[in-house]
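# Commentary on secondary and tertiary structure
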Protein chains: 4
Amino acid sequence: MSTFGTYFRVTTYGESHCKSVGCIVDGVPPGMALTEDDIQPQLSRRRPGQSKLSTPRSEADAVEIQSGTEFGKTLGTSIGMIVRNKDQRPHDYSETDVYPRPSHADYTYLTKYGIKASSGGGRSSARETIGRVAAGAIAEKFLKLANGVEIVAFVSGVGSVAVDRDPTSKKFHELLSTVTREQVDQAGPIRCPDPEVADKMVKIIEDHRDSKDSIGGVVTCVVRNLPVGLGEPVFDKLEALLAHAMLSIPATKGFEIGSGFAGTSISGSEHNDPFYVDDNGRFRTSTNYSGGIQGGISNGENIYFNVAFKSPATISQQQQTSSYDGVAGVLEARGRHDPNVVPRAIPIVEAMTALVLADTLLLQKAREASMSIVNPK
Amino acid sequence: MSTFGTYFRVTTYGESHCKSVGCIVDGVPPGMALTEDDIQPQLSRRRPGQSKLSTPRSEADAVEIQSGTEFGKTLGTSIGMIVRNKDQRPHDYSETDVYPRPSHADYTYLTKYGIKASSGGGRSSARETIGRVAAGAIAEKFLKLANGVEIVAFVSGVGSVAVDRDPTSKKFHELLSTVTREQVDQAGPIRCPDPEVADKMVKIIEDHRDSKDSIGGVVTCVVRNLPVGLGEPVFDKLEALLAHAMLSIPATKGFEIGSGFAGTSISGSEHNDPFYVDDNGRFRTSTNYSGGIQGGISNGENIYFNVAFKSPATISQQQQTSSYDGVAGVLEARGRHDPNVVPRAIPIVEAMTALVLADTLLLQKAREASMSIVNPK
Amino acid sequence: MSTFGTYFRVTTYGESHCKSVGCIVDGVPPGMALTEDDIQPQLSRRRPGQSKLSTPRSEADAVEIQSGTEFGKTLGTSIGMIVRNKDQRPHDYSETDVYPRPSHADYTYLTKYGIKASSGGGRSSARETIGRVAAGAIAEKFLKLANGVEIVAFVSGVGSVAVDRDPTSKKFHELLSTVTREQVDQAGPIRCPDPEVADKMVKIIEDHRDSKDSIGGVVTCVVRNLPVGLGEPVFDKLEALLAHAMLSIPATKGFEIGSGFAGTSISGSEHNDPFYVDDNGRFRTSTNYSGGIQGGISNGENIYFNVAFKSPATISQQQQTSSYDGVAGVLEARGRHDPNVVPRAIPIVEAMTALVLADTLLLQKAREASMSIVNPK
Amino acid sequence: MSTFGTYFRVTTYGESHCKSVGCIVDGVPPGMALTEDDIQPQLSRRRPGQSKLSTPRSEADAVEIQSGTEFGKTLGTSIGMIVRNKDQRPHDYSETDVYPRPSHADYTYLTKYGIKASSGGGRSSARETIGRVAAGAIAEKFLKLANGVEIVAFVSGVGSVAVDRDPTSKKFHELLSTVTREQVDQAGPIRCPDPEVADKMVKIIEDHRDSKDSIGGVVTCVVRNLPVGLGEPVFDKLEALLAHAMLSIPATKGFEIGSGFAGTSISGSEHNDPFYVDDNGRFRTSTNYSGGIQGGISNGENIYFNVAFKSPATISQQQQTSSYDGVAGVLEARGRHDPNVVPRAIPIVEAMTALVLADTLLLQKAREASMSIVNPK
């Protein structure tokens, strides 16, 4: 199904080759200043054709708000948004009529639905993410107003090249505390804030592009200034909701919060984050292996996590595979395709993060209100 | 909130020191043979006190079905289950009245709810997982009847010691295809099916236990015989639901499906899983980097994933930290605690996996029925 | 929030004076023939300006499918639909800037959201129902294919004039068993299948229109050929879902199923519907006071219910009331308004009925599939 | 499924003849004083055996809180509650093994689930409502603390005898504004606050009891002191949620809010509720045909509604019907049964009302918090 969130909720529609893609966002606070200008920047960061590193399919991806705002303010009612599909070429993928593309969704879709969209994968198209990014931009605006929440994602790995993201590294935590979206974009289309590493990443991608191959990577995301108390114990721990959100992004294969997989071999005596009170009287931890979440609930420290993206499935070189009919053969995808999707995934990771946080923030606000009712100070 | 799933759904209750813990399971197929004997084995695998590797707190954890079955068959109505708390010692944690335990949920719970359970963390207690395991056992029975689905989890890493789980390793895939729950348990309390590695793991845990410290680890889980077509595109991809489920388990820090983080540096030309038709006429892939899921939908291959567990936060050695009042001091936890939770996490991982799969199976069954209605063959 | 349903689900957006209104429909069976031609007829029955009995605001209300179909077949993915707002006159309601219209939603919206749409009531506009009708048309097509399900609503009362709808009346049950949508529309814009009563209804509405007043009415709806077994015990009884759906339609004040309020004074010995087996071997009831639902579950008999609609709140005559500022004064609504909404409510009642039934049908189909798995015959 | 509500949510389990019935309540505000003493009174009002007017099956129905509270205060976590079934007589209904009871749920349950509980109707037992009443008592306590919200239900009709509940009647509105739960109970087991009418009602019930028959009735419920702004436009209008809640109670056949069905023949010029500002500066309406809800949102006036209950299906006199096998025959129910359920339905109606209101209150509190964030004063 195509709905995400409970209090702050998005529902999306749209395939690669239909009239438009879009979404309905519900639960948006009323009275918030909001126009297309708040939403378009992240959509533009997401769209293809931004550089030689990504697919040449170029679309303006201009969002049009349909409802839920008047005179530049939200009404508190559901916000409809659409982005027209201008580049509809339903026959461009004809070779995929014979062969399901390996590691793409062609075969599973056909089996699941018993019908095949002309583009093969239907909703598995990257254009599906437009609705997420548009909704996420609204969530992000709310979070910024709420507590000055900052969400910054960046490319931290491509192939075997990566920035230092050792959870014990001071440098890594300094980067997390300071990196801005502007710095990420200044790094060029690769969106890695470490220039030296960025150059190597670009080289890797170009090499794969030139050999009609593809390569994966890792996105790291940090959330700063989040209030204490978001996330629900048990099933809806904050890291569980983030993991759900991240693994719902196309091509993702992994998620780790805080110390993550590396943390499994750090002893408890080191891994535990001791408490202290800082100069502003805030209860803090002196290390942050927890990644800003303890017991499923935000503790006010930076939230940071890594998301693994596999190498894109669509490559231009020949692939030995089987036709739908079970006949072995060779598939050669026409057209040009992203040799690496990680840079374009940045605004999607940020959007999904914002959607999770806005939802949990509203839920906690309801609880706080109920607490002050039953137990007034 | 305390509900997981939509069509196959569990709702849980219970803290460490209340009368009982339990759950209500809804959406269970009617007419299925079911008694406590189907549920108790996994609860017994989960309970503490099974070996020197785990906490001595010993409880029978006997489940009592309250409703939803008659004469050993399910009625299709909601199934209530309770497990009494016999070992209630509300004052055992008194030192935590002064100090929030580092990297535990004491501080975040208090801030979130404005009230503190005597055990500190309230629902963050490991006893919360009893309801999950009980519900998961029912889901598992349904899945086994549905398609002979097999779910086997095992300890694949403790500290820096790990079994070979390289996604390119043939040996690893052979293990995934053959490992049984019996083999896992025969390996002793460590629940690692590779005896040599198991010995090293035990040594690491014992060392940490002896130094009043703790250590983390990794659980690997495989699902065999799952039908093609489970999981929804977009937000509820099968891997997203699994990630949500796994990161909701206490002490987890990471999730990776198929090739996972390692897969980010494997080129697309290698990473793509070519299709072929096997001797039984089934559409298969010759490799399985995808981990049995493509486009968010199961493809019939083995699903496998890793879950990272951090070192337990509660350790017996002294920890420099701060009291709730902001006074720096030393916390020394009394009592004995698990130096490593990974072996006991095995049935929890299996249970949460089963809950996700039963839920997606019911949804897909509804769709398949609707397909055959609108498009009869 | 703006979502209805679980398995078969609609999410809507749109106010009176925004760019478009629309919806996203999720859970639609894949492979079903579907074009705008399946949807437009009910939208055309809903739209204003159809006769002198309704508001002259005239709009084509042409629906455009955005996604989820290809070559006239559904893909199983979410279906976006939009209807453009052509008649946007944001200043036509300016007098309502001073006075909240009595019994309209102006005051409650402003208090709830702290902001006022130029049209006053925001989502309380009748245009909000377009998304429901569009989604309902899809649900209805599925139901017809599923079991030949027929849903027919008609005007059974206007003011104090009503058709015979005594639950003990044979004539009433004959009408329920035979009435068609064609008959309802042939009755003219009043949509009452009894010509004599229809004439009186028209007279009442015209009288109220001429005196710048308004009047309410009752819609009766019958569902035929529904399979046995839809609806869930406890909270989601079929009549509870229908009541929810009906009372969510603007201007409704009441709902009764089967014998309804009249049935409260019929003794059990008469009210109980005895079972028998009909000539086709079907288990039937010889009377139908239950209205086709027993224990919250459909029993295969005709489902029938009444929905009360109040007199429209917007009238053209002067009304003594208070301004937002608390100053007593006189409100005189400009423009022309529906003196009675009941005829236009017919397709909305049918749509909401279809949405409930499609949702419960899918849920039951999942259960039936699970039953045959755990208890094969 | 067995869950009701989103933010304040109850999940129930239990049939007539299982070990216990119970529920899990989630979303309860933390820090609220709560013990069994807050819950038992409404359970005791619900239980059978209170008078000659109801079934002699007598049970203590003592509730036991399992979790979610400590030292008499809520922890904010899920609250498990159980009530043991003491009067288990699985064979008392054996004649129903042959005959599905007319207008009972036996036949529809068997068809839906393919299996029959020994009590026939499974979850359609009145004992299912225990979980609702227990959860409702918690909701009610929260509402009382929140705004002094008062919920009072009473029997307003039995058979053809009724109190004056004409929406145009001043006396009726005075009753709604003043009636207390104590007054309702002082009226004796019939729970009708008008003594003269009460006597007639008792006579009707006794007559039906003596002739082994049954009779229905109407419950009226009023909510006072509810804040403005509860209920969501479109699908979750406050009256829609109340209708859903009421029609989910066993044996209900109708719901009407405010003027209800009678209001359909009151002209808009009279039916509209004019606004004024009262002596306390509150924005009020001088009449209240709306029943305290406008546009689906509470307006601060009294909410009042009627709920129709049919005559109980289980009667002791002989009934001509068909066996499951299709053989015509005579069913004679053994044992004694309620000739009228309306008095015992009072606490159930109050409970379901409280559950709806607590849920909508939490949602609106979240919105209000978000409003003050994005638009600080």
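Just so you know, these numbers come straight off a predicted model, no measurement behind them. Think of each chain on its own: its residues are numbered from 1, step by step along the sequence as written. Written order determines the labels here, with chains lettered from A and ligands numbered from 1. Local features are withheld for residues below a pLDDT of 70 in this predicted model, meaning they are given only at 70 or higher, and side-chain atom pairs are given and counted only at 80 or more; totals for whole chains, interfaces and linings count all residues. Only hydrogens and water are removed before side-chain values are computed, so all heavy atoms of the structure are retained for them.

### Quick notes on the overall build of chain A
In this text, helices come from DSSP runs of H or I with a minimum length of four residues, and strands from runs of E with a minimum of two, each type numbered from the N-terminal end. Tallying secondary structure elements over chain A gives nine helices and 18 strands in all. The size measure is the radius of gyration over C-alpha atoms, and the globule rule it meets is 2.2 Å times the number of residues to the 0.38 power. By the compact-globule yardstick of 21 Å for 377 residues, chain A fits well, its C-alpha radius of gyration being 22 Å. By principal-axis analysis of the C-alpha atoms, chain A measures approximately 70 × 50 × 35 Å. Accessible area is worked out with a 1.4 Å probe on protein chains only. A residue is then buried under 20% of its type maximum, exposed over 50%, and partly exposed in between. Evaluated residue by residue, chain A yields a buried proportion of 69% over its 377 residues. We call two residues in contact when some of their heavy atoms are within 4.5 Å. In chain A, once contacts between residues fewer than 6 apart in sequence are set aside, the share between residues at least 24 apart is 71%. Reported accessibility uses the Shrake-Rupley method at a 1.4 Å probe radius. Residues are deemed covered only where the shown protein chains occlude them. Summing over all exposed atoms, chain A offers an accessible surface of approximately 11,600 Å²; the carbon and sulfur share of this is 49%. A residue counts as positive if it is Lys or Arg and as negative if it is Asp or Glu; His and the chain ends are not included. Lys charges are placed at NZ, Arg charges at CZ, Asp charges at CG and Glu charges at CD. Positive and negative side-chain charges in chain A, numbering 40 and 44 respectively, have mean positions lying 3 Å apart.

### Side note on helix α2 (residues 106–113) of chain A
Counting buried residues in α2(A) gives six out of eight residues, a clear majority hidden from the surface. By the burial criterion, the buried members of α2(A) are A:Asp106, A:Tyr107, A:Thr108, A:Tyr109, A:Lys112 and A:Tyr113. Taken together, the buried residues of α2(A) touch β12 (275–277), β13 (283–285), β14 (293–294), β15 (297–298) and α9 (342–374) of chain B. Taken from the residues just after α2(A), A:Gly114 is the one with a positive phi, measuring 70°.

### Some details on the sheet that holds strand β2 (residues 9–13) of chain D
The strands making up a sheet associate through backbone hydrogen bonding, with each pair oriented either parallel or antiparallel. All names here are of chain D. One open sheet holds the five strands; their spatial order is β1-β2-β3-β7-β4, and the pairing between them is antiparallel. Both outer strands of the open sheet, β1 (3–4) and β4 (63–65), are each paired with one neighbouring strand and no more. Between any two strands, pairing holds if DSSP finds at least two bridges. Strand direction decides the pairing type here: β4 and strand β7 (residues 79–84), joined by three bridges, are antiparallel. Bridge pairing in β7 places isoleucine 65 opposite methionine 81. The angle between two axes is taken between their N-to-C directions and runs from 0 to 180 degrees, where each axis is a line fitted to C-alpha atoms and a helix contributes only its stretch in contact. Lying over the sheet, helix α3 (residues 129–147) contacts β2, β3 (20–26) and β7, oriented at roughly 35° with respect to β3.

### With respect to the relation of the copies chain A and chain C
Overlaid copies result from least-squares superposition on C-alpha atoms, with residues included only where pLDDT is at least 70 in both. When chain A is fitted onto chain C, the two copies agree to an RMSD of 0.0 Å after a turn of 180° and an axial shift of 0.0 Å. With respect to symmetry, the two chain copies, as superposed, fit the operation of a two-fold axis. Both copies share a contact surface, since 100% of the interface residues of chain A are interface residues in chain C too.

### Observations concerning the interface of chain A and chain B
Contact residues are listed per partner, giving 101 residues for chain A and 103 residues for chain B. Values labelled buried area give the accessible surface lost by two parts on being combined, using a 1.4 Å probe and summing over both. Approximately 7,700 Å² of surface area, both sides summed, lies buried where chain A meets chain B, with 61% of it carried by carbon and sulfur atoms. Contact with chain B buries surface across chain A, with A:Lys112, A:Phe235 and A:Lys253 losing the most and accounting together for 12% of the total. Throughout this description, the term salt bridge denotes a Lys or Arg side-chain nitrogen within 4 Å of a carboxyl oxygen of Asp or Glu. The interface formed by chain A and chain B holds two salt bridges in total. A 3.5 Å cut-off defines polar contacts: any pair of N or O atoms within that distance qualifies, except that in protein one atom must be a possible hydrogen donor and the other a possible acceptor, and neighbouring residues in sequence count only when both atoms are side-chain atoms. At the boundary of chain A with chain B, the tally comes to 48 residue pairs in polar contact (both at pLDDT 80 or more). Bridging between strand β11 (residues 252–257) of chain A and strand β11 (residues 252–257) of chain B involves three bridges; their strand directions are antiparallel. Bridging from a neighbouring strand, A:Gly254 pairs with B:Glu256 of β11(B).

### With respect to the sheet that holds strand β10 (residues 217–224) of chain B
Pairing is antiparallel in the open sheet, where 10 strands are placed in the order β9(A)-β8(A)-β10(A)-β16(A)-β11(A)-β11(B)-β16(B)-β10(B)-β8(B)-β9(B). The sheet is open, and its two edges are formed by β9 (161–162) of chain A together with β9 (161–162) of chain B, each paired on a single side.

### Some details on the interface of chain A and chain C
Taken residue by residue, the interface counts 43 residues in chain A and 43 residues in chain C. The contact between chain A and chain C buries some 3,300 Å² in all, and 59% of this surface belongs to carbon and sulfur atoms. Counting the contacts that link chain A with chain C gives 16 residue pairs in polar contact (both at pLDDT 80 or more). Listing elements by their share of the side of chain A that touches chain C, those giving two or more residues are β2 (9–13), β3 (20–26), β4 (63–65), β6 (73–74), β7 (79–84) and α2 of chain A. Residues are grouped as follows: Ala, Val, Leu, Ile, Met, Phe, Trp, Tyr, Cys and Pro are nonpolar; Asp, Glu, Lys and Arg are charged; all remaining types, including Gly, are polar. Looking at the side of chain A that touches chain C, its residues break down into 14 nonpolar, 18 polar and 11 charged.

### Notes on the packing of aromatic side chains
When two rings of Phe, Tyr or Trp (its six-membered ring) have centres within 6.5 Å they constitute a pair, described as stacked for plane angles under 30 degrees, edge-to-face for angles over 60, and tilted for the intermediate range. Taken as a whole and assessed by the stated rule, the structure comprises 32 aromatic pairs over all chains. The interplanar angle of 55° and the centroid separation of 5.5 Å between the aromatic rings of B:Tyr109 and B:Tyr113 together place this pair among those described as tilted. Of the two residues, B:Tyr109 and B:Tyr113 both sit in helix α2 (residues 106–113), four residues apart, roughly one turn of that helix. Comparing B:Tyr109 with B:Tyr113 shows no difference in burial state: the two are buried. Seen from their ring centres, C:Phe235 and D:Phe4 are 5.4 Å apart, and the 35° between their planes marks the pair as tilted.

### Comments concerning the environment of C:Val149
All names here are of chain C. By the secondary structure assignment, valine 149 is in the loop between α3 (129–147) and β8 (150–158). On the accessibility criterion, valine 149 (4% relative accessible area) is buried. Considering only alpha carbons, one finds valine 149 and valine 327, 178 residues apart in sequence, at a separation of 54 Å. Residues within four places of valine 149 in sequence aside, it is in contact with Leu143, Lys144, Val223, Arg224, Asn225, Leu226 and Pro227.

### Focus on the pattern of salt bridges
Counted according to the given criterion, the structure contains 80 salt bridges over all chains. As a salt-bridge pair, A:Arg344 and A:Asp338 come within 2.9 Å of each other at their nearest N and O atoms. Here A:Arg344 falls in the buried class, since its relative accessible area comes to 12%. Here A:Asp338 falls in the buried class, since its relative accessible area comes to 9%. B:Arg284 is paired through a salt bridge with B:Glu301; the nearest N and O atoms lie 2.7 Å apart. Here the residue B:Arg284 occupies a position in strand β13, and B:Glu301 occupies one in the loop between β15 and β16 (303–309), the gap between them amounting to 17 residues. Look at B:Glu301 and you get buried, because its relative accessible area is 7%.

### A word on the pairing of strand β16 (residues 303–309) of chain A
All names here are of chain A. Within β16, seven of the seven residues are buried, which leaves the element mostly enclosed by the surrounding structure. Burial along β16 is two-sided: the face carrying Ile303, Phe305, Val307 and Phe309 and the face carrying Tyr304, Asn306 and Ala308 are both buried. Strand direction decides the pairing type here: strand β10 (residues 217–224) and β16, joined by seven bridges, are antiparallel. Bridge pairing in β16 links glycine 217 to phenylalanine 309. Relative to β16, β11 runs antiparallel, the two being bridged by five bridges. Pairing of glutamate 256 across the sheet is with asparagine 306, part of β16.

### Here we look at the side chain of C:Thr252
Residue and element names in this part refer to chain C. Structurally, threonine 252 can be placed in strand β11 (residues 252–257). Given a relative accessible area of 2%, threonine 252 falls into the buried group. Within the structure, threonine 252 has its side chain in polar contact with the backbone oxygen of methionine 246 (distance 3.2 Å). Within polar-contact distance, the side chain of threonine 252 engages the backbone oxygen of leucine 247 at 3.4 Å.

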